[in-house]
Amino acid sequence: MIAVRNVSKQFGDHPAVRDVSFTVGEGETVVLLGTSGCGKTTTLKMINRLIEPSAGQIEVDGVDVRRKPAHDLRRKIGYVIQETGLFPHYTVADNIATVPRLLGWEPDRIADRTRELLAMLKLPENSLRRYPSELSGGQRQRVGLARALAAHPSILLMDEPLGALDPITRAAIRREFRRLDELRHTTTVMVTHDIQEAFELGDRIGLMDQGRLVQIGTPDELLHRPVNAFVESFFEEQRLFLEWKSRRSD
Amino acid sequence: METTDFFRFLAEQSSQLVTQTLTHVGLTFLSLVLALLIGLPVGMAISRQKRVAALVLGLAGVLQTIPSIALLGFLIPFLGIGVVPALLALFLYALLPIVRNTYVGLSEVSPTLKEAAFGMGMTSRQVLMRLEIPLALPVIFAGIRTATVINVGVATLAAYVAGGGLGEFIFGGIALNNTAMILAGAIPAALLAVGLDGLLARLQRLRGMRLRRASILFLALAPVLSAFYWLPRNDQTRLVAGFAHEFYGRADGYPQLRKTYGLRLTTRLIDQNLMYEAVRHRQVDVISGYSTDGRIQAFGLQVLADDKRAFPPYQAAFVVRQAFLDRHPEVAPLLNRLRGLLTDSVMTALNYRADYHHETPETVAREFLRKTGLDRPRKAGPRTGTLTVGSKIFTEQYILVEIIRRLVEGHTTLEVAAKTGLGGTQICFNALRTGAIDLYPEYTGTGLLVILQPGPAVSDSLRADPAATYRYVSDQFLRQYGLVWLPPLGFNNAYALMMRREQARPLKINTISDLQRYLEK
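Each chain has its residues counted from 1, following the order in which its sequence is written. Each chain takes a letter, starting from A, and each ligand takes a number, starting from 1, following the order in which they are written. In keeping with the predicted nature of the model, local features appear solely for residues at pLDDT of at least 70, side-chain atom pairs appear and are counted solely at 80 or more, and the whole-chain, interface and lining totals rest on all residues. The basis for every side-chain value is the complete set of non-hydrogen atoms in the structure, without hydrogens or water.

K.L.:
Mind showing me how you'd approach the overall build of chain B here?
P.N.:
Secondary structure summary: chain B contains 25 helices and ten strands in total. Referenced to the eigenvectors of the C-alpha coordinate spread, the extents of chain B come out at roughly 105 × 50 × 50 Å. For every residue, the accessible area (1.4 Å probe, protein chains only) is compared with the maximum for its type, and the residue is labelled buried under 20%, exposed over 50%, or partly exposed between those bounds. A total of 521 residues make up chain B; the buried ones form 53% of that total. In this tally Asp and Glu are treated as negative and Lys and Arg as positive; neither His nor the chain ends contributes. A charged residue contributes its charge at one atom only: NZ of Lys, CZ of Arg, CG of Asp or CD of Glu. Averaging the positions of the 53 positive and the 37 negative side-chain charges in chain B gives two centres separated by 7 Å. Only runs of H or I of at least four residues qualify as helices and only runs of E of at least two qualify as strands under DSSP, and these elements are numbered from the N terminus.

K.L.:
How do you make sense of the interface of chain A and chain B when you look at a structure like this?
P.N.:
Every residue pair with non-hydrogen atoms within 4.5 Å of one another is taken to be in contact. At the junction of the two partners, chain A supplies 21 residues and chain B supplies 20 residues. Roughly 1800 Å² is buried in total at the junction of chain A and chain B, and carbon and sulfur atoms are behind 64% of that figure. Buried area: the accessible area, evaluated with a 1.4 Å probe, that two parts lose upon being put together, summed over both parts. When the buried surface of chain A facing chain B is broken down by residue, Phe87, His89 and Leu102 of chain A rank first, second and third, together holding 31% of it. Salt bridges, as used here, are contacts in which a Lys or Arg side-chain nitrogen is within 4 Å of a carboxyl oxygen on Asp or Glu. Seen at the junction of chain A and chain B, the total is one salt bridge. Across the salt bridge formed by Lys45 of chain A and Glu115 of chain B, the nearest N and O atoms sit 2.7 Å from each other. Counted as a polar contact is a pair of N or O atoms within 3.5 Å, where, for protein atoms, one must be capable of donating a hydrogen and the other of accepting one, and residues adjacent in sequence contribute only when both atoms are in side chains. Scanning the region where chain A abuts chain B turns up five residue pairs in polar contact (both at pLDDT 80 or more). Where the side of chain A that touches chain B is concerned, the elements lending two or more residues are α2 (70-75), β6 (77-80) and α4 (98-102) of chain A. Each residue belonging to the side of chain A that touches chain B can be placed in one class, and the counts come to eleven nonpolar, six polar and four charged. Each residue receives one of three labels: charged for Asp, Glu, Lys and Arg, nonpolar for Ala, Val, Leu, Ile, Met, Phe, Trp, Tyr, Cys and Pro, and polar for the others, Gly being one of them.

K.L.:
It is not clear to me how helix α7 (residues 124-154) of chain B should be interpreted in this structure. Could you clarify?
P.N.:
Helical geometry: 3.6 residues make up each α-helical turn, so side chains three or four residues apart lie on a common side. With 31 residues, α7 of chain B should cover 45 Å at 1.5 Å per step; its first-to-last C-alpha distance of 38 Å lies more than 12% under that length. Along α7 of chain B, the sharpest change in direction is near 55° and occurs at Leu137 of chain B; proline Pro138 of chain B comes one to four residues later. Multiplying 1.5 Å by the helix residue count minus one yields the expected span of that helix. Axes are fitted to the seven residues ending at a residue and to the seven starting at it; the angle between these axes is taken as the bend at that residue.

K.L.:
It is not clear to me how the confidence of the model for chain B should be interpreted in this structure. Could you clarify?
P.N.:
Detailed reading of the predicted coordinates is not advisable wherever pLDDT falls low. pLDDT runs from 0 to 100 and stands for how confident the predictor is about each residue. Overall, the prediction assigns chain B a mean pLDDT of 88, with 98% of residues at 70 or greater. Taken over the whole predicted complex, pTM reads 0.72, whereas the ipTM for its chain interfaces reads 0.91.

K.L.:
Is there a simple way to think about the sheet that holds strand β9 (residues 204-209) of chain A in this case?
P.N.:
Two modes of strand pairing occur in sheets, parallel and antiparallel, and in both the strands are linked by backbone hydrogen bonds. Residues and elements named next belong to chain A. Taken in spatial order, the six strands make up an open sheet running β6-β7-β8-β3-β9-β10, and their pairing is mixed. Of all strands in the sheet, those with a lone pairing partner are β6 and β10 (212-217), marking the two edges. Here the average twist between neighbouring strands, direction ignored, is 15°. Strands are labelled as partners when DSSP assigns at least two bridges between them. Sheet topology places strand β7 (residues 155-159) next to strand β8 (residues 187-192); five bridges connect them, and they run parallel. Looking at β8, one finds that Asp159 is bridged to Val191. Across the sheet, helix α11 (residues 229-236) touches β3 (29-33), β9 and β10, and the angle it forms with β9 is around 110°. Here an angle of 0 to 180 degrees is reported between the N-to-C directions of two axes, which are lines fitted to C-alpha atoms, with helices fitted over the stretch in contact.

K.L.:
What exactly am I supposed to notice about the pattern of salt bridges here?
P.N.:
Opposite charge on two side chains lets them pair, provided their charged atoms get close. All names here are of chain B. This structure, assessed with the given rule, holds 34 salt bridges over all chains. Of the charged contacts in the structure, one is a salt bridge between Asp514 and Arg517, with a shortest N-O distance of 2.7 Å. Remark: Arg517 and Asp514 occur in helix α25 (residues 512-520); sequence separation between them is three residues, near one turn of the helix. Residue classification places Asp514 among the buried residues on the basis of a relative accessible area of 16%. Since its relative accessible area comes to 52%, Arg517 is described here as exposed.

K.L.:
So what exactly am I meant to see when it comes to helix α3 (residues 50-65) of chain B here?
P.N.:
Residues and elements named next belong to chain B. With 16 residues, α3 should cover 22 Å at 1.5 Å per step; its first-to-last C-alpha distance of 23 Å lies within 8% of that length. Taken as a whole, α3 has its buried residues at Ala53, Leu57, Ala60 and Gly61. Angularly, the buried residues of α3 cover 105° about the axis, an arc narrow enough to put them on a single face. Those residues of α3 that are exposed and angled more than 90 degrees off the buried face are Arg51, Leu55, Leu59 and Val62. Buried-residue contacts for α3 involve α2 (14-48) and α5 (83-107). Throughout, the arc means the angular range of directions from the helix axis out to the C-beta atoms.

K.L.:
Whenever I open this one, the domain arrangement of chain B confuses me. Can you help?
P.N.:
By convention, interface size is frequently given as the accessible area that disappears when the constituent parts associate. Residues and elements named next belong to chain B. Here chain B is described as being made up of domain 1 (3-230), domain 2 (240-310 + 497-520) and domain 3 (316-492). Every contact between the two is made by 14 residues of domain 2 and, on the other side, 14 residues of domain 3. Our count for the domain 2 to domain 3 interface comes out at zero salt bridges. On the surface where domain 2 and domain 3 come into contact, there are three residue pairs in polar contact (both at pLDDT 80 or more). The element best represented in the side of domain 2 that touches domain 3 is helix α14 (residues 295-298), accounting for four residues. Partitioned by chemical class, the residues of the side of domain 2 that touches domain 3 number four nonpolar, five polar and five charged. All the domain ranges listed were derived from an automatic or database domain assignment.

K.L.:
Would you take a moment to explain the pairing of strand β1 (residues 240-244) of chain B for this structure?
P.N.:
Residue and element names in this part refer to chain B. With five of its five residues buried, β1 lies for the most part within the structure. Neither face of β1 is open: one carries Val240, Gly242 and Ala244, the other Ala241 and Phe243, and all of them are buried. Direction of pairing for β1 relative to strand β2 (residues 266-270): parallel, over a ladder of five bridges. Looking across to β2, one finds that Phe243 is bridged to Leu269. Across two bridges, the pairing between β1 and strand β3 (residues 286-290) is parallel. Bridging across to β3, Gly242 finds its partner in Ile287.

See the structure below:
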């Protein structure tokens, strides 16, 4: 459960996020969609306090995020960024074990969990001892997801997680992600500028523009009941495709 | 030089070579450890405070551009001699590469990665230890490598200030013009630099976990290698000697003392001119000076009598061309009037006035002659001939030339032309032989060992007897070269051991035998 209430962020003179409010229910996936500079990534990073809001309040599981030290908060929140976020000097196993180690898990428990994630994400067993540079882009992205999920976070934040992949790999990984139970049951906020990705992965989509959350709702609501002309025009080009998609996923 | 000379030298001096190499390694790594202790945290700190970074790096860069010998010279007035200024200079040289590379390495870690690490829930410290330092390690290592190689080179200069190391052979060899000795220091120093560079280059190419393990090993090993500095010190005697490289190596210097007196002193090698300062400031107790040096008086030093006559006599006397004496028979009796007036203490006092009160040699000479009643104003009338006098490049000889000038021009109608500053014994001697000069002041020991160079049998038999040495030298010069040694002036500018008077007195050390007995007690 995440509640974002009247949150704003000012960078010098520039208002990056203006009075944004939304909630994400247990197990729900909300996708923040918008063009570059619309404030979606800033909003995401305020949830795990990589950026501190100028005004407003954020609660995770009913508790204000500022009540705890930032690193404690972050260890309970999975964080996925583009594949470039893997630590190049760590093997795949070490990368996945990052948060469990920070939490002081027993080595056996870490090993079991790592193997479980490997199987779930269809990564070859021998990749554990490899370094990220020895993997393909798609594999790296799966390792990134495994690392975020390793310590069973109740919340997952994903920042353009597939941004660095080619369209075909992207589509394939998207399909896999959708089938993952673990991912489906985790409360997730994802940021993307890719409309198709938003429609495929989001239970609800929040469309942002110039720091404001223009409309938040199910894909169907955004397509068929846009609150203004901006929302309507945003989906115009891909309307046919999206309508087909949103019907299929019902 | 033949290669066999080199290997013979190595074989003879192998224990010394090992000692010097270990000291050298010790100095290099001790200063490196200090530079790491300061440089790594400073590099880390300025990578977080970019504004300070330019200032700190600029400052370290300036230090780096100061020539090493100048830096040492700058430190000596504050820190004296010995290991401290050497270490400080080495430390300062090692600092820049370490600070700079730590800074650059840490700054180059991608911000995305740092954000990912924070996003995982790492604390600042954990991000530094687990992400930034491991990723910066190859760059930091490159800096350590540069610093190490620089220090192996600069550490040779430690021998200049009695810090030890392979520079002892290098400087000693230069002072003695002994190529084998120079190479015995230079080759190991070069091998050390090349070897360490290669080793660190290999470490630097390692990746990931291996590099981290290698770095930890290196960091653990560096203090151990530093300890080499203390390891080889031969057993410390009750007094410590500071000897000039030349004295330490020359057969008629320290080796002769060991042979004659069985003297064993913990020895530090040091530049000849710093030696007096070192004993004055109690950094060493015994030095090897020259018996008429002005500083003996200035610094309150006491010359230890050479009671077993280990040092060859170096009686001063004028050497003159026979042809000149034939043309001007009045000159020899005139110069002989100086006999007995220039004793060791008088000559020392004259040197002292020129060196420490900066009086000109002319003034010193005039006042000396006035006191002895030999001074006359320049004789009037036309000059009837010229006496060309040569001298080597040091104060004592300049003063002697001025004494001759004033004496001869006051008592005769001869003109005196001075050719001062002839670079050394060989040059003066050749000038005299070819007639470029008519006369110069020389010392019997030098005439014997540098010019005549008889076998060890002859020089050993003469060692104990100044009169016999004088006779031998004057006979041989006359017979072989047609050059005349006038009678000895009365002072002896020989090697001499000296101590601070305030230390020698209470210990009742007046002679080298006394010193030897004291050390054995």
